[in-house]
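# A closer look at the structure
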Amino acid sequence: MPAAKDHIPTTELPAGRRGFLAPGLGIALFSSAVFGLSGSFAKSLLETGWSPGAAVTARLTGAALILALPAAFALKGRWHQLRDNWLTIVLFGLIGVAACQLFYFNAVARLSVGVALLLEYLAPVIIVLWLWAASRRRPRLLTSSGTLLSLAGLVLVLDLTGAVKVDLVGVLWGMAAAVCLAIYFFITAKENDTLPPIVLASGGLMTGAAVMWLAAATGLLPMAFSTADTTLGSWTTPWWVSLAGLVVLATVLAYTSGIMAARALGSKVASFVSLTEVLFAVLWAWLLLGELPGAIQLLGGFLIVGGVVLVRLDELRASARAAGMKVQASPLEHANDVEPVP
């Protein structure tokens, strides 16, 4: 997701920085492209005997170590910001980083990369359904239409009547990742400008890595590593090439470029552009793994993404109306300002 994707709390685009829109768009597309690599790199490791937990732990640990120095520089000695925001950092690491990635990688181990990511992208739909059930207020027409469109897309993605049956356990892992992402959206809905984004990213990665190592040490999380060569497209490469790609490209560069894009475009526009991650993930999986969802699943994917676009458009309109009326927007209006790494 996520993703990161990535996807850190930011403020909206200031009027004086609109000139950065064009380069910001390019950076945002680059961020989506490298985020989309995570599933392919991870699956190349999983196919050689790595467990999902091991792949996630190695990814988080490597990225946390690389980002530690830039994060310390961003703090500039203001260590109290870590103390003041420890709960946000812990929740980000537990839910937005460790749990979401672990569930997604478990889904990738059983499903194609594209299908696993599409399931995770149902998080905004889960938010809509939850708010509907909790408030007993029917969503606005555009949101309702987007939700129904995404649910219809889900049916097509699962391709229940197809010759090749989708792995049920993999689907459950993908849905668990979506639920985890939805919960994270709710937790981080409150805007927080007291912590530099790269510090939140680094702190979350460190927290997630620590949790994964602790779970492994207690025997709760199976850890299996392999030094066998991995296959990426027509190339056979050492295992560390896939791991380096997962850490450096799909995490460190993805996070950094995502932060730059969000600052240039504003969080709302950046979150829309991040939807292209699904397309990039499918493309990379086709080129590097030889995976390509069936025609029905691709159609379902377009419906899911289209539904999410409608929901986000409705949120943007609601936020604009709320700003004009000078009233507090609901959590749903802020829910998509943040997206963890997928």
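Now for a look at the structure at hand. (Residues numbered from 1 in each chain as written. Predicted model: local features only at pLDDT ≥ 70, side-chain atom pairs only at ≥ 80, totals over all residues. Heavy atoms only, no water.)

### A word on the overall build of the chain
Looking only at helices and strands, one finds 15 helices and two strands in the chain. The buried share of the chain, taken over its 342 residues, is 53%. Of the roughly 14,900 Å² that the chain leaves accessible, carbon and sulfur atoms contribute 72%. (Helix = DSSP H or I, 4+ residues; strand = E, 2+ residues; numbered from the N terminus. Buried < 20%, exposed > 50% of the residue type's maximum accessible area, 1.4 Å probe, protein only. Areas by Shrake-Rupley, 256 points an atom, 1.4 Å probe, with all protein chains shown as cover.)

### What about the nonpolar core?
Judged by nonpolar contacts, the single largest core of 77 residues is most densely connected at Trp 50, Leu 60, Tyr 104, Leu 119 and Leu 205. Setting aside its immediate chain neighbours within four residues, Leu 60 contacts Val 97, Ala 98, Gln 101, Leu 205, Gly 208, Ala 209 and Met 212. (Core = buried A, V, L, I, M, F, W, Y, C linked by side-chain atoms within 4.5 Å. Contact = heavy atoms within 4.5 Å.)

### What to know about the environment of Val 305
Mapping Val 305 onto the fold places it in helix 14 (residues 295-325). Residue Val 305 is classed as buried on the basis of its relative accessible area, which comes to 18%.

### Re unusual backbone geometry
A positive phi angle, near 55°, is found at Lys 76, a position not held by glycine. You can call Lys 76 exposed: its relative accessible area is 63%.

### Regarding the pattern of salt bridges
Applying the stated criterion across every chain, the model contains two salt bridges. In this structure, Lys 43 engages Glu 291 in a salt bridge whose closest nitrogen and oxygen atoms are separated by 2.7 Å. Here the residue Lys 43 occupies a position in helix 2 (residues 38-46), and Glu 291 occupies one in the loop between helix 13 (276-289) and helix 14, the gap between them amounting to 248 residues. For the pair formed by Lys 43 and Glu 291, the shared burial category is buried. (Salt bridge = Lys/Arg side-chain N within 4 Å of Asp/Glu carboxyl O.)

### What to know about helix 13
For helix 13, which comprises 14 residues, the first-to-last C-alpha distance of 19 Å matches the rise-based estimate of 20 Å (1.5 Å per residue) to within 8%. Within the span of helix 13, buried status applies to Glu 277, Val 278, Ala 281, Val 282, Ala 285 and Leu 288. The buried side chains of helix 13 occupy one side of the element, clustering within an arc of 150° when seen end-on. (Expected span 1.5 Å × (residues − 1). Arc of directions from axis to C-beta.)

### With respect to the packing of helix 5 (residues 86-110) against helix 6 (residues 113-120)
Contact pair helix 5 / helix 6: the axes reach a minimum separation of 8 Å and the direction vectors enclose 140°. Between helix 5 and helix 6 lies a crossing of right-handed hand. Of helix 6, the residues touching helix 5 (which contributes Cys 100, Tyr 104, Ala 107 and Val 108) are Val 113, Ala 116, Leu 117 and Glu 120. (Axes fitted to C-alpha atoms, helices over the stretch in contact; angles between N-to-C directions. Left-handed = near helix turned anticlockwise from the far one by under 90°.)

### Observations concerning helix 5
Under the 1.5 Å per step criterion, the end-to-end length of helix 5 is 35 Å for 25 residues, consistent within 8% with the ideal 36 Å. Its maximal kink placed at Phe 92, helix 5 deviates by approximately 30°. (Bend = angle between axes of the 7 residues up to and from the residue.)

### Looking at a nonpolar patch on the surface
Nonpolar side chains collect at one region of the surface, where Phe 30, Ile 66, Val 248, Leu 249 and Leu 253 lie side by side and expose about 370 Å² of accessible area between them. Considering every element that reaches the nonpolar patch, the biggest residue donor is helix 11 (residues 239-265), with three residues. Here Phe 30 shows up in helix 1 (residues 21-35). Using a relative accessible area of 40% as the deciding quantity, one classes Phe 30 as partly exposed. (Patch = residues over 30% accessible without salt bridge, like charges linked within 9 Å, V, L, I, M, F, W, Y side chains within 5 Å.)

### Points about the side chain of Ser 202
Secondary-structure assignment places Ser 202 in helix 10 (residues 197-217). Here Ser 202 falls in the buried class, since its relative accessible area comes to 2%. Setting aside residues no more than four positions away along its own chain, Ser 202 makes contact with Ala 64, Leu 67, Ala 68 and Ala 71.

### Focus: the state of the cysteines
Enumeration according to the criterion identifies zero disulfides in this entry. With no disulfide of its own, Cys 100 has Cys 180 as its nearest cysteine by sulfur position, at a separation of 4.9 Å. (Disulfide = S-S within 2.5 Å.)

### Description of the packing of aromatic side chains
What describes a pair of aromatic rings is the distance from one ring centre to the other and the angle between the planes of the rings. In the structure shown here, the tally under the stated rule is five aromatic pairs. Measuring from ring centre to ring centre gives 6.1 Å for Trp 50 and Trp 239, while their planes differ by 35°; the resulting arrangement is tilted. Here Trp 50, found in the loop between helix 2 and helix 3 (52-75), pairs with Trp 239, found in helix 11; they are 189 residues apart in sequence, far enough to count as distant. The partly exposed category is assigned to Trp 239, whose relative accessible area is 27%. An angle of 35° between the planes, with centres 5.5 Å apart, marks the rings of Phe 103 and Trp 173 as tilted. Of this pair, Phe 103 sits in helix 5 while Trp 173 sits in helix 9 (residues 168-187); the two residues are 70 residues apart in sequence, bridging distant segments of the chain. Taken together, Trp 50, Phe 225 and Trp 239 form an aromatic cluster joined through their ring pairs. (Phe/Tyr/Trp six-rings, centres within 6.5 Å; stacked < 30°, edge-to-face > 60°.)

That is the geometry; function is a separate question.
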